[in-house]
Every structure is written in structure tokens, then in C-alpha cells.
Amino acid sequence: MVTVTQQKCACADCVCIVNVKDAVTKSGRNYCSDACAEGHPKGAGCDHSGCACHG
Ligand SMILES: [Zn+2]
Ligand SMILES: [Zn+2]
Ligand SMILES: [Zn+2]
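Calculation rules
- Residues numbered from 1 in each chain as written.
- Chains lettered and ligands numbered in written order.
- Predicted model: local features only at pLDDT ≥ 70, side-chain atom pairs only at ≥ 80, totals over all residues.
- Heavy atoms only, no water.
- Helix = DSSP H or I, 4+ residues; strand = E, 2+ residues; numbered from the N terminus.
- Rg over C-alpha atoms; globule rule 2.2 N^0.38 Å.
- Buried < 20%, exposed > 50% of the residue type's maximum accessible area, 1.4 Å probe, protein only.
- Contact = heavy atoms within 4.5 Å.
- Areas by Shrake-Rupley, 256 points an atom, 1.4 Å probe, with all protein chains shown as cover.
- Lys, Arg positive; Asp, Glu negative; His and termini not counted.
- Charge placed at Lys NZ, Arg CZ, Asp CG, Glu CD.
- Donors = N, O, S within 2.8 Å, 3.2 Å for Na, K, Ca; no water.
- Tetrahedral: all angles 85-135°; square planar, octahedral: opposite > 155°, others 65-115°.

K.L.:
Describe the overall build of the chain, naming the residues involved and giving the relevant values.
P.N.:
Of the regular secondary structure elements, the chain holds one helix and four strands. If you list the helices and strands of the chain from N to C, you get β-β-β-β-α. Against the compact-globule benchmark of 10 Å for 55 residues, the chain has a radius of gyration of 11 Å, which places it among compact chains. With the C-alpha coordinates aligned to their principal axes, the bounding extent of the chain is approximately 40 × 25 × 15 Å. In the chain, which comprises 55 residues, the proportion classed as buried is 29%. A sequence separation of at least 24 residues applies to 19% of the contacts in the chain between residues at least 6 apart. As displayed, the chain offers around 3900 Å² of accessible surface, 48% of which is attributable to carbon and sulfur atoms. Taking the average place of the 5 positive charges on the side chains of the chain and the average place of its 5 negative ones, the gap between the two points comes to 5 Å.

Right under this line is the structure:
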């Protein structure tokens, strides 16, 4: 049985959908990238195409 559990990145501005299994987890939330998980401290985006998030 294959379980696919996907969730939108917890970053509010982010449009990425992440596999919970592969996500960067921080404070119980799932993010698509370290940048999102850290709240974009350097203003860098997550580098995924189509996403313009950067805090
Ligand atoms: Zn993003
Ligand atoms: Zn983000
Ligand atoms: Zn992303």
C-alpha cells in the first residue's frame, strides 16, 4: 500500500506542495526548504520554480 501524504509548505507565501516524508520539519510544521523553515532570514526564496516566497 502506498501512502502519499502531501501538504502545502507552511510558509504563508509559499505555493509549494511538499511530501511530508521529505519536508523540512520545524516546530511541527512542514516546509519545502530550509529557507522557508527559517522564515527567510536572508530574504532568499525557496528556489522552487513558480514560487515567489521570500518572507
Ligand atoms: Zn516557497
Ligand atoms: Zn517560503
Ligand atoms: Zn518551495
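Additional details are given in the paragraphs that follow.
K.L.:
I'd love a proper account of the coordination of the zinc ion (ligand 3), names of residues and values included.
P.N.:
The coordination sphere of the zinc ion (ligand 3), as far as protein atoms go, consists of Cys16 (SG), Cys32 (SG), Cys46 (SG) and His48 (ND1), spread over 2.0 to 2.4 Å. Note that the zinc ion (ligand 3) binds four donor atoms; their angles at the metal cover 93 to 120°, and the shape is tetrahedral. For the zinc ion (ligand 3), all donor residues lie on one chain, and their spacing in sequence is C-x15-C-x13-C-x1-H. Here the zinc ion (ligand 3) and the zinc ion (ligand 1) are spaced 3.4 Å apart, linked through Cys46, which binds each one. Of the two residues, Cys16 is situated in the loop between strand 1 (6-8) and strand 2 (17-19) and Cys46 in the segment after helix 1 (34-37); the sequence distance between them amounts to 30 residues. On the basis of relative accessible area, Cys16 is assigned to the buried category, the value being 11%.

As far as function goes, none of this settles anything; it's purely spatial.
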